[in-house]
Amino acid sequence: MARLVRHDAMGPIEIPPQGKSVWVCACGLSQNLPYCDGSHKTCRQEETDDSKVYVYDDERMNVVDTQDA
Ligand code: FES
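Before going into details, it helps to say that this report is about the structure given with it.

## Remarks on the sheet that holds strand S2 (residues 52–56)
Stage number 1. Taken in spatial order, the 3 strands line up as S1-S2-S3 in an open sheet, and their pairing is mixed. The open sheet terminates on both sides in strands that have one partner only, identified here as strand S1 (2–4) and strand S3 (63–68). Averaged over neighbouring strand pairs, the angle between their axes works out to 25° when direction is ignored.

## Quick notes on the pairing of S2
Stage number 1. Examined bridge by bridge, S1 and S2 share 3 bridges and lie parallel to one another. Within S2, the residue paired with Leu4 across the bridge is Val55.
Stage number 2. When S2 meets S3, the two strands line up antiparallel, connected through 5 bridges. Bridge pairing in S3 links Val53 to Gln67.
Stage number 3. Counted along the chain from S2 to the antiparallel partner S3, the turn is 6 residues long, and its residue Arg60 has a positive phi close to 60°.

## Concerning the environment of Tyr35
Stage number 1. For Tyr35, the position within the fold is in the loop between S1 and S2.
Stage number 2. According to the C-beta neighbour criterion, Tyr35 is partly exposed, with 13 such atoms within 10 Å.
Stage number 3. In the structure, Tyr35 is positioned 26 residues away from Ala9 in sequence and 14 Å away in space, judged by C-alpha atoms.
Stage number 4. In contact with Tyr35, other than residues within four places in its own chain, are Trp23, Val24, Cys25 and Ser30.

Reading the values: the criteria
Residues numbered from 1 in each chain as written. Predicted model: local features only at pLDDT ≥ 70, side-chain atom pairs only at ≥ 80, totals over all residues. Pairing = 2+ DSSP bridges. Helix = DSSP H or I, 4+ residues; strand = E, 2+ residues; numbered from the N terminus. Axes fitted to C-alpha atoms, helices over the stretch in contact; angles between N-to-C directions. Buried ≥ 20, exposed ≤ 12 C-beta atoms within 10 Å, placed from the backbone. Contact = placed C-beta atoms within 7 Å.

What follows is the structure, given as structure tokens:
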């Protein structure tokens, strides 16, 4: 599986040293980038066989299209 999400940032976001673990979003769906906010649970609806690309809306909350990979 793959997904398309729209990013418009033009540079990095600093994560200063923390005294505890910091979870950085790797799925692209967080509403609080660069941090994970649990939105990756939405990915559970995606098939995991790499046959489709999932296109999400600008709010990164809903799949608006699926395409063959
Ligand atoms: S990994 Fe993206 S929201 Fe958790």
